[in-house]
Amino acid sequence: MATVAGAASPLLLLLPSPLPRHPLAFPPRRAAASRRVLLQPPRAGRPRLRDRPPTPVVEEDELGADEEDDVTPPLRLLEPPQEDDPFPPEMEPADPDFYRIGYARMMRAYGIEFLEGPDGMAVYASRDVEPLRRARVIMEIPLELMLTITQKPPWMFFPDIIPLGHPIFDVIESTDPETDWDLRLACLLLYAFDIEDNFWQLYGDFLPSVDECTSLLLAPKEDLMELEDQDLATKMLKNQQRTIDFWQKHWHKTIPLKLKRLAPDHVRFLWALSIVQSRSVNLKLRMGAFIQDANVLAPYADMLNHSPDANCFLHWRFKDRMLEVMIKAGHAIKKGDEMTIDYMSGVNSSFMERYGFSSPTNPWELLNFSSDAKIHLDSFLSVFNIAGLHDELYHNSALTLGENTFVDGGVVAAARTLPTWSDGDVPAIPSVERKSAQALQEECQTMLESFSTTIQQDQDILDSDGHIRRTREIAIKYRLHRKLLLQKIIDALDIYQDRILF
Ligand SMILES: C[S@@+](CC[C@H](N)C(=O)[O-])C[C@H]1O[C@@H](n2cnc3c(N)ncnc32)[C@H](O)[C@@H]1O
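Heads up: these notes are all about the structure in this document. (Residues numbered from 1 in each chain as written. Predicted model: local features only at pLDDT ≥ 70, side-chain atom pairs only at ≥ 80, totals over all residues. Heavy atoms only, no water.)

1. Focus: the state of the cysteines
So, step 1. Inspection of the entire model under this criterion finds zero disulfides.
So, step 2. Of all cysteine sulfurs, the one in Cys213 lies closest to Cys187, which takes part in no disulfide; the gap is 17 Å. (Disulfide = S-S within 2.5 Å.)

Okay, structure coming up:
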């Protein structure tokens, strides 16, 4: 397995040498391909170019509740002392950490490695971690390595890399900060790529290329049709059009070269927007006395994949403006475990719209049943050892013994999406329950048959040796995942009928 450890760091280029080599440094651009060792062999026609180490909402400190969260250094401490204006003797020494801000701070990581996995680059534990009473930091990313744009006017971006008068400034200024956060961040990202030796110019080599990106913004119409979800396909076509309209409006023929070269064609802009949508996080930043909601691209943390049972979360450390990735308290980690965060609680179509992936075991997935049949909620939950209320259904897989791995996010989704009833202590009548379960199974079967392909046919397409475009692959997976969930619900209703108590 390839790790990024021991390679030369693009960060070093930003720093006055000599500096110690960072253990998590990425390989330089030219070496990237040769250092690659994959967990899975690369598929024909789609070489992975990267040894690369989100979008999720950051859990931030309760303001004022954290000991660390109290110092925003007063601005005057930023000013170098003037000869005729010495510091008054009573002035406190400045927090030395504050002066380390700038490109002098590097990303730090502990006990993890960045590896290629089945879902692209991902973060894995490089050692065991005992369950802890408190969350433990595994990555620290300083503010100055992140690209940040505030959501509300007066908008601010950070780092302040755009010189006054550069036309990209006006392009960003023309957007609506409330609705166009992604267009704005894409402009900032494209600009950062254009600055010689800027961190992002180097980090860009570790981002997925146009061919590797899973975003449906890059999907041709024929791939969108493979989704077999008209609503999602229409939405994505609209999103593509919005992006192309924006690009055409600002990248017309008469613009200066310094703007033109940022996105010479609309595909470049669509790609930048895909990167921003699939890798940014929302963050509350404290700017002096103000709290600002901001959209942020956080390098390295953006290599974390999603899981609804994530073992990590993101945390903004106000004191020294660090984004931390932390292991959740109480989680035991084994060497080789994937470290994940929870991007959001949403249905597969929402994940597809923003990130370009879906899951057959997404516990939040929903189906529309039209039948009047209902099964008894508590009986269904108790058969599968699921607890909780409708929006917080919970299955403790640690209690599941040995061979019984049937219960997964798909069964939790079944409990959430099946039409159910519950009436105080009124018990279920088994014969009525069985009839209802069968009616719901029939409806699932009808939904399955409404697709143009079967589960087997989809699997055959995905397993075939020929080259398959990334966006076609994820579109086929999306409809397959829906079918797998329908099949899972049918199987769960079989088990329910067998095990219902009377
Ligand atoms: C924030 S990035 C994570 C790093 C990414 N795997 C990479 O290769 O750079 C988000 C992207 O990772 C992939 N991804 C994340 N979580 C996933 C999951 N649970 N299943 C499949 N793909 C996932 C999707 O392509 C998504 O757009």
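Okay, back to it.
2. Quick look at the packing of helix α13 (residues 455-463) against helix α14 (residues 470-499)
So, step 1. Taken N-terminus to C-terminus, the directions of α13 and α14 make an angle of 150°; their axes are 10 Å apart at the nearest point. With respect to each other, α13 and α14 are oriented roughly antiparallel. Our pair here, α13 against α14, has a crossing hand that is left-handed. Facing α13, whose interface residues are Ile455, Asp458, Gln459, Ile461 and Leu462, α14 presents Arg472, Glu473, Ile476, Lys477, Arg479, Leu480, Lys483, Leu484 and Gln487. (Axes fitted to C-alpha atoms, helices over the stretch in contact; angles between N-to-C directions. Helix = DSSP H or I, 4+ residues; strand = E, 2+ residues; numbered from the N terminus. Parallel < 35°, antiparallel > 145°, perpendicular 65-115°, else oblique. Left-handed = near helix turned anticlockwise from the far one by under 90°. Contact = heavy atoms within 4.5 Å.)

3. Points about the pattern of salt bridges
Any two side chains of opposite charge can pair if their charged atoms end up close together.
So, step 1. Tallied over the entire structure, the rule returns 22 salt bridges.
So, step 2. Among the ionic pairs, Glu140 bridges to Arg108, the shortest N-O distance being 3.3 Å. Remark: Arg108 occurs in strand β2 (residues 108-109) and Glu140 occurs in strand β5 (residues 136-142); sequence separation between them is 32 residues. (Salt bridge = Lys/Arg side-chain N within 4 Å of Asp/Glu carboxyl O.)

4. So, the environment of Ile327
So, step 1. With respect to the element layout, Ile327 can be found in strand β12 (residues 322-327).
So, step 2. Here the alpha-carbon distance between Ile327 and Val137, two residues 190 residues apart in the chain, equals 6.4 Å.
So, step 3. Apart from residues lying up to four places away in sequence, Ile327 is in contact with Val129, Ala135, Arg136, Ile138, Asn311, Cys312, Phe313, Ile333 and Met339.

5. Details of the packing of aromatic side chains
So, step 1. Applying the stated criterion across every chain yields a total of 19 aromatic pairs.
So, step 2. Ring geometry for Phe157 and Phe169: centres 6.3 Å apart, planes at 70°, overall edge-to-face. Residue Phe157 is found in strand β7 (residues 157-158), and its partner Phe169 is found in helix α2 (residues 167-173); the two are separated by 12 residues along the sequence.
So, step 3. Phe157 sits in the buried class, given a relative accessible area of 11%.
So, step 4. Its relative accessible area of 22% is what places Phe169 among the partly exposed residues.
So, step 5. Ring geometry for Phe199 and Tyr300: centres 6.1 Å apart, planes at 40°, overall tilted. Linking Phe199 in helix α4 (residues 199-203) with Tyr300 in the loop between β9 (290-297) and β10 (305-306), this pair joins segments that are 101 residues apart in sequence.
So, step 6. Against the face of Trp364 rests Arg416, its NZ or CZ located 4.1 Å from the ring centre. (Phe/Tyr/Trp six-rings, centres within 6.5 Å; stacked < 30°, edge-to-face > 60°. Buried < 20%, exposed > 50% of the residue type's maximum accessible area, 1.4 Å probe, protein only. Lys NZ or Arg CZ within 6 Å of the ring centre and 35° of its normal.)

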